[in-house]
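Analysis of the macromolecular model
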Amino acid sequence: MQPFATILFAVDFSESSDFAFSYAYELAQKFSSRLVIIHVINEPVDLRGFYVPHISFDNLEKEIAEGAEKMMDRFCADKLQGFTNYERAVVSGVPSEEIVRKAEEVKADLIIMGTHGRKGLDHMLFGSTAERVVRTSRCPVMTVRLG
Ligand code: AMP
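First, a word on what this report is: a plain description of the structure on this page. It should be emphasised that the depicted structure is a prediction, and the values quoted were computed from it without experimental measurement.

Rules used in this analysis
- All residue numbers here refer to positions counted from 1 along the written sequence of the relevant chain.
- Given that the model is predicted, a residue must reach a pLDDT of at least 70 before its local features are reported, and side-chain atom pairs must reach 80 or more before they are shown or counted; all residues, however, enter totals for whole chains, interfaces and linings.
- Remark: hydrogens and water are excluded; side-chain values derive from all non-hydrogen atoms of the structure.
- Each residue gets one of three labels from its accessible area relative to the maximum for its type: buried under 20%, exposed over 50%, partly exposed in between, using a 1.4 Å probe on protein chains only.
- Strands here mean DSSP runs of E at least two residues long; helices mean DSSP runs of H or I at least four residues long; both are numbered from the N terminus.
- The contact rule is simple, with two residues in contact once any of their heavy atoms fall within 4.5 Å.
- Patches draw on residues past 30% relative accessible area with no salt bridge. Two like charges within 9 Å are joined, as are two nonpolar side chains (Val, Leu, Ile, Met, Phe, Trp, Tyr) within 5 Å.
- Residue-level accessible areas treat just the shown protein chains as cover; the underlying method is Shrake-Rupley with a 1.4 Å probe.
- Salt bridges are counted wherever a side-chain nitrogen of Lys or Arg sits within 4 Å of a carboxyl oxygen of Asp or Glu.
- Two strands form a pair only when DSSP identifies at least two bridges running between them.
- The axes are straight lines fitted to the C-alpha atoms, using for helices just the contacting stretch, and the angles between their N-to-C directions are given from 0 to 180°.

Regarding helix α3 (residues 95-105)
An α-helix turns once every 3.6 residues. As a result, residues three or four positions apart point the same way. Listed as buried for α3 are Pro95, Ser96, Glu98, Ile99, Val100, Lys102 and Ala103. In this fold, the buried residues of α3 make contact with β1 (6-10), β2 (34-42), β3 (86-93), β4 (110-115) and α5 (129-136). One or two residues past the end of α3 sits lysine 107, with phi positive at roughly 55°.

As structure tokens, this is what we get:
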């Protein structure tokens, strides 16, 4: 039995997710896993047609999506040299929800992600994506904290 046939890695292009990626990469190599890498474009509050005409919003969304794809290109080129068994996804929405949705879609056996380990007011204000994923995911989740 292959314990981690599919590993889902959630990337926000921060230093902490870079650090977490080393665990995903090591495990994927060790277990010959398929690695699925997801980045979620945080959905902006929809002010379409309210402050700004449609056309500007459409352009903005397109530029954001293109920028995110480019960051994913760079991430894969930098980090995955020689590793070919991977897929990538850039989607829009609420990160924790999209990560859990993707894990179900690709039948992930494990989710790996970073965490900032915020406390106190920071935690109250920003919450934790990792915490939300741990609470809602059906498959095991490995969180990796930098420092
Ligand atoms: P936390 O510090 O608990 O809020 O979790 C941060 C981790 O959540 C990052 O290292 C990523 O693994 C994941 N994450 C946060 N935002 C995103 C995003 N927009 N797309 C994909 N993963 C994300």
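Having seen it, we continue.
Some words on a nonpolar patch on the surface
A surface patch of nonpolar side chains, amounting to about 520 Å² of accessible area, comprises Leu121, Met124, Leu125 and Phe126. Residue position: methionine 124 is located in helix α4 (residues 120-126).

Considerations on the sheet that holds strand β5 (residues 141-145)
With parallel pairing, five strands are arranged side by side in an open sheet as β3-β2-β1-β4-β5. The open sheet has two free edges, formed respectively by β3 and β5, since each of these has just one partner strand. Looking at each pair of strands side by side, their axes are set apart by 25° on average, direction ignored. Sheet topology note: the β2/β3 ladder contains eight bridges and is parallel. When the sheet's bridge partners are listed, valine 36 is paired in β3 with glutamate 87. The strands that helix α1 (residues 15-30) touches are β1, β2, β4 and β5; relative to β4, the one it contacts most, it runs at about 155°. Strands in contact with α5 are β4 and β5; relative to β4, the strand with the most contacts, it is inclined by about 155°.

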